[in-house]
Amino acid sequence: MAGSAGELAELLDLERLEVDLYRGAQARTERQRVFGGQVAGQAVVAATRSVDDGYVLHSLHSYFLRPGDTTVPIVYDVERIRDGRSFVTRRVSARQHGRPIYYLTANFQVPEDGFEHQDRMPDVVPPEQAVPLVDLVRAQGREQGEDWEREWSALDLRYVGVSGQGLPADPDHPAQARIWARVAGRLSDDPTLQEAAFTYASDLTLLGASLVPHGVTLGSPRLVPASLDHTIWFHKPFRADEWWLYDQFSPFAGGGRGLALARVFSQDGDLVATVAQEGLIRLHDGRGR
């Protein structure tokens with residue numbers, strides 16, 4: 001995956017093939033399938049490039065259909081669903097080998113004033129006092145640490161805690177996880193790049209919240225994890241390369257699937273986004289998706 005902020009920016013910069021048709025490069029990786037956050041982030045760029053200035057991305061809804069092949073580029077085909085005075089809608093199909101692997105529907109809006117309220121940011125330690133996630137991975141073994149650094153060095157993630165470990169145990173809400181996150185380096189001021197980079201990062205840890213009560217992590221060999229769908233609501237402009245709190249929780253798991261949601265707060269307490277994802281958390285039994 002992207003090993004630096006610069007590599008991440010390059011990964012998200014699509015090649016234009018034709019009007020509303022783009023090609024996304026692949027990152028160097030040893031993963032068996034394309035990281036879902038990469039496909040989603042590249043699709044955000046494709047959708048946004050078809051929208052006139054003055055509209056801002058306010059929501060995206062997407063489905064991961066098939067595992068992506070890491071050895072060939074991904075083609076993004078943008079469909080212009082609606083162009084209104086206040087809202088614009090785009091649909092993006094990501095394809096490899098002639099078949100769709102991912103669908104995105106994105107909505108854009110002309111900014112306007114209206115009623116405002118938000119949840120209060122939870123009380124947490126600042127990012128400087130949180131534990132770098134890479135240190136926790138290194139503690140599992142040298143190979144795991146080297147793999148994490150090779151794949152995920154473009155992101156700076158700081159562990160705050162999970163239910164019963166760093167966060168209070170709450171029987172009413174047994175699956176909670178909080179981290180501080182940012183891109184590990186400075187990106188340009190381009191809002192599309194900031195949104196795409198956040199979309200990329202938002203897929204990495206969210207499903208793990210659904211595993212907190214079960215003593216299993218996403219990297220466990222006992223587990224077959226996969227993102228099934230992914231939704232983001234962007235509430236306010238923010239930078240992916242400045243600290244944001246990922247307040248993750250899972251209200252339900254069952255049927256081999258886990259549902260996880262997250263509130264995203266800027267360091268000054270603004271609720272800037274909300275994320276939802278359902279994913280496969282099947283124990284290893286040899287079946288595919």
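Residues numbered from 1 in each chain as written. Predicted model: local features only at pLDDT ≥ 70, side-chain atom pairs only at ≥ 80, totals over all residues. Heavy atoms only, no water.

As recorded by an unreviewed UniProt entry, the chain carries the name Acyl-CoA thioesterase 2 and is attributed to Nocardioides exalbidus. Listed in UniProt under the heading Subunit (unreviewed entry), the comment for the chain reads: "Homotetramer." Quoted straight from UniProt, the Catalytic activity (unreviewed entry) entry for the chain says "a fatty acyl-CoA + H2O = a fatty acid + CoA + H(+)". (UniProt positions renumbered as here; feature names shortened; annotations may be inferred.)

Details of the packing of aromatic side chains
Inspection of every chain in the model, using the stated rule, returns 8 aromatic pairs. Relative to Trp-152, the ring of Trp-148 has its centre 6.3 Å away and its plane inclined at 50 degrees; by these criteria the two rings are tilted. Note that Trp-148 and Trp-152 are positioned in helix H4 (residues 142-152) at a spacing of 4 residues, about one turn of the helix. Across the pair, Trp-152 and Trp-148 agree in class, each one buried. Note on Phe-198 and Phe-234: the rings are 6.0 Å apart at their centroids and 70 degrees apart in plane angle, and the pair reads as edge-to-face. In this pair, Phe-198 is assigned in helix H5 (residues 191-202) and Phe-234 in strand E11 (residues 223-234), connecting sequence segments 36 residues apart. Across the pair, Phe-234 and Phe-198 agree in class, each one buried. One aromatic cluster in this structure is built from Phe-198, Phe-234, Phe-238, Trp-244 and Tyr-246. We note Arg-91 situated over the ring of Tyr-103; from NZ or CZ to the ring centre the distance is 4.3 Å. (Phe/Tyr/Trp six-rings, centres within 6.5 Å; stacked < 30°, edge-to-face > 60°. Helix = DSSP H or I, 4+ residues; strand = E, 2+ residues; numbered from the N terminus. Buried < 20%, exposed > 50% of the residue type's maximum accessible area, 1.4 Å probe, protein only. Lys NZ or Arg CZ within 6 Å of the ring centre and 35° of its normal.)

Regarding the UniProt feature "domain: Acyl-CoA thioesterase-like N-terminal HotDog" (unreviewed entry) in the chain
In this structure's numbering, the residues bearing the UniProt feature "domain: Acyl-CoA thioesterase-like N-terminal HotDog" (unreviewed entry) are residues 33-108. Annotated as residues 33-108, this span is 17% helix and 51% strand, and its ends, taken at the C-alpha atoms, are 30 Å apart.

Re the environment of Pro-122
Tracing the backbone through its elements, the reader meets Pro-122 in the loop between strand E6 (99-109) and strand E7 (131-132). A sequence separation of 85 residues divides Pro-122 from Leu-207, and the C-alpha atoms of the two residues are 20 Å apart. The contact partners of Pro-122, leaving out residues within four places of it in the chain, are Arg-178, Leu-245, Asp-247, Arg-263 and Phe-265. (Contact = heavy atoms within 4.5 Å.)

Some remarks on H4
Since the α-helix turns once every 3.6 residues, residues separated by three or four places project in the same direction. Residues of H4 that are buried include every one of Gly-145, Trp-148, Glu-151 and Trp-152, and no others. Seen end-on, H4 carries its buried residues on one side only, within an arc spanning 140 degrees. Residues Arg-142 and Glu-143 are exposed on H4 and point more than 90 degrees away from its buried face. Considering only its buried residues, H4 is in contact with helix H3 (133-138), strand E8 (155-163) and H5. (Arc of directions from axis to C-beta.)

Brief notes about the layout of surface pockets
Volume-wise, the second largest pocket comes out at about 1,100 Å³. For the lining of the second largest pocket, the elements supplying multiple residues, two or more each, are strand E3 (56-64), E6, H5 and E11. (1 Å grid on protein atoms, 1.4 Å probe; cavity = no way out; pocket = protein on both sides within 12 Å on 5 of 7 lines; lining within 4 Å. Points joined across faces, edges and corners; volume = space filled by probe spheres on them.)

So, the UniProt feature "domain: Acyl-CoA thioesterase 2 C-terminal" (unreviewed entry) in the chain
In this numbering, the UniProt entry assigns the feature "domain: Acyl-CoA thioesterase 2 C-terminal" (unreviewed entry) to residues 176-280. Note that residues 176-280 is 11% helix and 49% strand, and that its end C-alpha atoms are spaced 18 Å apart.

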